[in-house]
Amino acid sequence: MAGGSEPLDTKHGHYLGGWGNLGSQTQKGITTYSISANRQRPLAGTLNAAVFNTWRRFRAQALYVIPPFAIAYVAMNWAVEKNEYYNSKPGRMADAAAAEEATGGGSVRG
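Remember, it's a predicted structure, so these values are computed and weren't measured experimentally.

Novice: I'd like a description of the overall build of the protein chain, backed by residues and values.
Specialist: Of regular secondary structure, the protein chain possesses 2 helices and 0 strands. Taken across its 110 residues, the protein chain has 3% of its residues classed as buried. On the protein chain, roughly 10800 Å² of surface is accessible, and the fraction owed to carbon and sulfur atoms is 59%.

Novice: Residues and numbers for helix 2 (residues 89-103), please.
Specialist: The end-to-end C-alpha distance of helix 2, which contains 15 residues, comes to 21 Å, matching closely the 21 Å that a straight helix rising 1.5 Å per residue would cover. Backbone geometry just after helix 2 places Gly104 at a positive phi near 70°.

Novice: A description of the packing of aromatic side chains should follow, citing residues and the corresponding values.
Specialist: Scanning the entire structure with this criterion turns up 2 aromatic pairs. Ring plane angle 35° and centroid distance 5.7 Å describe the contact between Trp55 and Phe58, whose orientation is recorded as tilted. Here Trp55 pairs with Phe58, and both are found in helix 1 (residues 46-86), just 3 residues apart, close to one helical turn. Aromatic pair Tyr85 and Tyr86: ring centres 5.9 Å apart, planes at 50°, arrangement tilted. The class for Tyr86 is partly exposed, based on a relative accessible area of 45%.

Novice: Give me the lowdown on a nonpolar patch on the surface, citing residues and values where you can.
Specialist: A contiguous nonpolar patch, built from Trp55, Phe58, Tyr64, Val65, Ile66 and Phe69 and spanning about 730 Å² of accessible area, is present on the exposed surface. Topologically, Tyr64 is positioned in helix 1.

Conventions we followed
- Residues numbered from 1 in each chain as written.
- Predicted model: local features only at pLDDT ≥ 70, side-chain atom pairs only at ≥ 80, totals over all residues.
- Heavy atoms only, no water.
- Helix = DSSP H or I, 4+ residues; strand = E, 2+ residues; numbered from the N terminus.
- Buried < 20%, exposed > 50% of the residue type's maximum accessible area, 1.4 Å probe, protein only.
- Areas by Shrake-Rupley, 256 points an atom, 1.4 Å probe, with all protein chains shown as cover.
- Expected span 1.5 Å × (residues − 1).
- Phe/Tyr/Trp six-rings, centres within 6.5 Å; stacked < 30°, edge-to-face > 60°.
- Patch = residues over 30% accessible without salt bridge, like charges linked within 9 Å, V, L, I, M, F, W, Y side chains within 5 Å.
- Salt bridge = Lys/Arg side-chain N within 4 Å of Asp/Glu carboxyl O.

See below:
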């Protein structure tokens, strides 16, 4: 056995080469192009894409989010107005009149 982390062909005991070069013939006809890191524009179009992507995602989710919030707002607004009415003088008088009708003119507290 050889020492280190060299990959060996266990059948023949030969060194296969480093990762990505496992002893095969070099390939021909493959052209690789590269560009300098300071010539690239890694953030090209990011702001434009972000605006349109945000609009697309908002539009797709609006019908799932807006109706429940609108219903909750209407219900909360109704509850606040009803609470303000019940805690006002006309509301208390109407509540007292309703309690008197319910008991038939008698006392509510036994």
